[in-house]
Amino acid sequence: METLNFINHGHEGYSTEDLLKGKKIEAVIKDNPDLIIFENSLINNHYQSLSLEQTEKDLESIMSKLQKKLPNAKILIISTNPVANGKRENSLGLNYLDYIQASEQVIKTNKWAYMNSKEEIEKKLKKKNM
């Protein structure tokens, strides 16, 4: 009988840059998972005004590390959650949707597995007038 373990490596408030600098990707690698569900940190990248170029570079670095060190692991990137103030611009003049579109382009270009849960959440919220 196999045992199924869930380990949450989520870090509230972390940008993609924080995940890399804080060695959080290495902590995931150390656990040697079979499946990684990665919600990219776009909300925090937006709030912290990281450039789109930095965001794209960080996503590529994170995925490269995971793919190199865990070649047999399945990796699924999921979209970040919707936010109420998604159209508000940060100090770079970028809104949250700019980050989502940039990351989705990198994901598509690299043919990484991706699930856009944000759209379905937004549909349900709209249905309930929320």
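Structure first, text after, so check above.
None of these values were measured; they are calculated from a predicted model. (Residues numbered from 1 in each chain as written. Predicted model: local features only at pLDDT ≥ 70, side-chain atom pairs only at ≥ 80, totals over all residues. Heavy atoms only, no water.)

Caption draft 1: Structural view of the overall build of the chain. In terms of helices and strands, the chain carries 6 helices and 3 strands. Start at the N end of the chain and walk to the C end: the helices and strands fall as α-α-β-α-α-β-α-β-α. Against the compact-globule benchmark of 14 Å for 130 residues, the chain has a radius of gyration of 15 Å, which places it among compact chains. With the C-alpha coordinates of the chain rotated into their principal frame, the extents come out at 45 × 35 × 25 Å. Relative to its 130 residues, the chain shows a buried fraction of 36%. Here the contacts in the chain between residues at least 6 apart in sequence split such that 76% fall between residues at least 24 apart. For the chain, the distance from the average position of its 19 positive side-chain charges to the average position of its 18 negative side-chain charges is 2 Å. (Helix = DSSP H or I, 4+ residues; strand = E, 2+ residues; numbered from the N terminus. Rg over C-alpha atoms; globule rule 2.2 N^0.38 Å. Buried < 20%, exposed > 50% of the residue type's maximum accessible area, 1.4 Å probe, protein only. Contact = heavy atoms within 4.5 Å. Lys, Arg positive; Asp, Glu negative; His and termini not counted. Charge placed at Lys NZ, Arg CZ, Asp CG, Glu CD.)

Caption draft 2: Local environment of the pairing of strand E1 (residues 35–39). Burial along E1 is one-sided: Ile36 and Phe38 are buried, while Leu35, Ile37 and Glu39, pointing the other way, are not. Of the strand pairs in this sheet, E1 and strand E2 (residues 74–78) are connected by 5 bridges, and their pairing is parallel. Pairing of Phe38 across the sheet is with Ile77, part of E2. (Pairing = 2+ DSSP bridges.)

Caption draft 3: Molecular detail of the sheet that holds E1. Taken in spatial order, the 3 strands line up as E1-E2-E3 in an open sheet, and their pairing is parallel. Each edge of the open sheet carries a strand with a single partner, namely E1 and strand E3 (113–115). Between one strand axis and the next, the sheet turns by 25° as a mean value, whatever way the strands run. With 3 bridges joining them, E2 and E3 adopt parallel strand pairing. Among the inter-strand pairings, Leu76 is bridged to a residue of E3, identified as Ala113. Packed onto the sheet, helix H4 (residues 52–69) meets E1 and E2 and runs at close to 160° relative to E2. (Axes fitted to C-alpha atoms, helices over the stretch in contact; angles between N-to-C directions.)

Caption draft 4: Here's a closer look at the environment of Asn116. Relative to the assigned elements, Asn116 resides in the loop between E3 and helix H6 (117–127). Here Asn116 falls in the partly exposed class, since its relative accessible area comes to 24%. Taking the C-alpha atoms as reference points, Asn116 and Asn81, separated by 35 residues in sequence, lie 9.4 Å from one another. When sequence neighbours within four positions are dropped, the list of residues in contact with Asn116 reads Ser79 and Glu104.

Caption draft 5: Layout of the side chain of Asn40. Within the secondary structure, Asn40 is located in the loop between E1 and helix H3 (42–47). Its relative accessible area of 2% is what places Asn40 among the buried residues. Those residues in contact with Asn40 that lie beyond four places of it in its chain are Leu59, Ile77, Ile78, Thr80, Ser103 and Ile107.

That is the geometry; function is a separate question.
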